[in-house]
Amino acid sequence: MPYVMVQIPKTPAPGVPAPRSVPTSADVARLAGVSRATVSYVLNNTSAVRISEPTRRRVHEAAKELGYVPHAAARSLRAGHSRLVLMPAPTIPVGQLYGQFINELQWALSRLDYTVVQHGSVGLHGDEAARAWAELRPVAVLVPGAGLGPKGVAVLKRSGARAVVTLGPETVEGAHALLMDHEAVGHRAGRHLYERGRRRIGVVVPEEAGLEAFSLPRLSGVRAALRDTDATVTDLPLAYTEEAGARLAARWRELGLDAVFAYNDEYAMLLTRALLDEGIDIPGETAVIGADDLMLGRLLRPRLSTVRLELPSGRDLAELVDRAVRDPAAAPETHKVLEATVVHRESS
């Protein structure tokens, strides 16, 4: 008796929708009525080919309707490198000023067709962290603060990173550098207090781990500004808690200080509130100055004197990254940034 093989097609179980195929650039091209090359030019923001605005709009509308997203890995293969810019997530408290800078940088890099990813390398430091970053094969790495060494830079470059940029107080061999002179911030604050007639000056040194890379240069800057004068400088370790601020204010008169540079505006506001609660007049008994020029400092009473910082523009840094990616053999660039100017208000 002959047997007949019949193939029964699989059907999805009742109530289970059939999986939808992933839309491709060919689908977008058909819907928009253009070639796949045109889709690629439009969605990759290619400037070398002139494409009319109506065509660009049709391609974007078709991609949106289909839910099409360009494939990052395929783009990387075509370009010969990824478009991923990695930025290690800060392991220290960062203020509003730094947050605004990061937002501007991410926007500027996205305009140049890069994607910024923050990497949380908790528990990893220096060259060990660099190996973890290298696993993601970024085309560029932006490293805030200190810690990365020449070996780490070499690891990143061997993994394909065309640009390594550090933002900190020192240069690192093989990396582009934005030098941030925090000593100048302290110098401006110390000179201002001295010129206002203050001679017994305290300097807040935050106890939070990781901030010493910024706070110690600021303390050194105050000492440098007051060297060979009749003023004294007292460092004041302080945790960023109301309780710590109250404890320091309670012994303020014992310290005999008539002024304080409070590291930044956030610590200045914390300490100002504690000193006022202790009945210490500001600026009569003690002058106070912070740094960063945050809006909250202008709302405080008395209004907070501060050192205004001018960080590098996100657009300038994005252009530096792009130059380095396009010409990885170029010599590392070094730029001094972080202009500092005193804004005198009621607290000093």
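Residues numbered from 1 in each chain as written. Predicted model: local features only at pLDDT ≥ 70, side-chain atom pairs only at ≥ 80, totals over all residues. Heavy atoms only, no water.

Enquirer: How do you make sense of the overall build of the protein chain when you look at a structure like this?
Expert: Scanning the protein chain from N- to C-terminus turns up 14 helices and twelve strands. Sequence separation of at least 24 residues holds for 70% of the intrachain contacts in the protein chain that already meet a minimum separation of 6. Here the protein chain displays about 19,000 Å² of accessible surface, and carbon together with sulfur accounts for 53% of that area. (Helix = DSSP H or I, 4+ residues; strand = E, 2+ residues; numbered from the N terminus. Contact = heavy atoms within 4.5 Å. Areas by Shrake-Rupley, 256 points an atom, 1.4 Å probe, with all protein chains shown as cover.)

Enquirer: Looking at this structure, I do not really get the packing of aromatic side chains. What am I missing?
Expert: Geometrically, a pair of aromatic rings is defined through the distance of the ring centres and the angle of the planes. By the definition in use, this model includes two aromatic pairs. Taken together, the aromatic side chains of Tyr240, Tyr263 and Tyr267 make up a single cluster linked through ring pairs. In this structure, Arg83 is placed above the aromatic ring of Tyr114, and the distance from its NZ or CZ to the ring centre is 4.0 Å. Taking NZ or CZ as reference, Arg218 lies 4.9 Å from the ring centre of Tyr263, over its face. (Phe/Tyr/Trp six-rings, centres within 6.5 Å; stacked < 30°, edge-to-face > 60°. Lys NZ or Arg CZ within 6 Å of the ring centre and 35° of its normal.)

Enquirer: What am I meant to see in the sheet that holds strand β8 (residues 259-261) here?
Expert: Strand pairing within a sheet occurs via backbone hydrogen bonds; the two strands may be parallel or antiparallel. Taken in spatial order, the six strands make up an open sheet running β7-β6-β8-β9-β10-β12, and their pairing is mixed. Only two strands of the sheet have a single partner each, and these edge strands are β7 (232-238) and β12 (339-343). Direction aside, the axes of adjacent strands within the sheet are offset by 20 degrees on average. Of the pairings in the sheet, the one linking strand β6 (residues 200-206) to β8 comprises three bridges and is parallel in character. Pairing of Val203 across the sheet is with Phe261, part of β8. (Pairing = 2+ DSSP bridges. Axes fitted to C-alpha atoms, helices over the stretch in contact; angles between N-to-C directions.)

Enquirer: In this structure, what is going on with the nonpolar core? I would like to understand it.
Expert: One recurring pattern in soluble globular proteins: nonpolar side chains tend to sit buried together. Val85, Leu109, Leu142, Phe261 and Leu317 are the most contacted members of the largest nonpolar core, which has 45 residues in total. Broken down by element, the residue count for this core peaks at six residues, all from helix α14 (residues 314-326). Among residues more than four places away in sequence, those in contact with Leu109 are Val85, Tyr114, Val116, Leu142, Ala318 and Val321. Counting residues in hydrophobic clusters, the runner-up holds 26 residues, among them Ala249, Trp252, Ala262 and Leu304. (Core = buried A, V, L, I, M, F, W, Y, C linked by side-chain atoms within 4.5 Å. Buried < 20%, exposed > 50% of the residue type's maximum accessible area, 1.4 Å probe, protein only.)

Enquirer: Help me out: how do you make sense of the pattern of salt bridges in this one?
Expert: What the rule picks out here adds up to twelve salt bridges. In this structure, the salt-bridge partner of Glu285 is Arg253, at a minimum N-O distance of 3.0 Å. In this pair, Glu285 is assigned in the loop between α12 (265-277) and β9 (287-291) and Arg253 in helix α11 (residues 252-255), connecting sequence segments 32 residues apart. One network of salt bridges, in which partners are shared, links Asp293, Arg298, Arg308 and Arg345. (Salt bridge = Lys/Arg side-chain N within 4 Å of Asp/Glu carboxyl O.)

Enquirer: Where do I start with the side chain of Asp293 in this structure?
Expert: Looking at the secondary structure, you find Asp293 in the loop between β9 and α13 (295-299). Judged by its relative accessible area of 13%, Asp293 is buried. Within the structure, Asp293 has its side chain in polar contact with the side chain of Arg308 (distance 2.9 Å). When neighbours within four sequence positions are excluded, Asp293 is seen to be in contact with Asp265, Arg298, Thr306, Val307, Arg308 and Arg345. (Polar contact = N/O pair within 3.5 Å; in protein donor to acceptor, adjacent residues only side chain to side chain.)

Enquirer: Before we go on, may I ask you to explain a nonpolar patch on the surface in this structure?
Expert: A cluster of nonpolar residues, Met295, Leu296 and Leu299, forms a patch on the protein surface that exposes about 320 Å² of accessible area. Following the sequence through the fold, Met295 ends up in helix α13. (Patch = residues over 30% accessible without salt bridge, like charges linked within 9 Å, V, L, I, M, F, W, Y side chains within 5 Å.)

Enquirer: What am I meant to see in the sheet that holds strand β3 (residues 140-144) here?
Expert: As summarised here, the arrangement of the six strands in space is β2-β1-β3-β4-β5-β11, forming an open sheet in which the pairing is parallel. Two strands bound the open sheet, and with one partner strand each, they are β2 (115-119) and β11 (334-337). With strand direction ignored, the average angle separating the axes of adjacent strands in the sheet is 15 degrees. As paired elements, strand β1 (residues 84-88) and β3 share two bridges and run parallel to each other. Opposite Val85, over in β3, you have Ala140 as the bridge partner. Contacting β1, β3, β4 (163-168), β5 (176-180) and β11, α14 runs over the sheet at an angle of about 150 degrees to β4.

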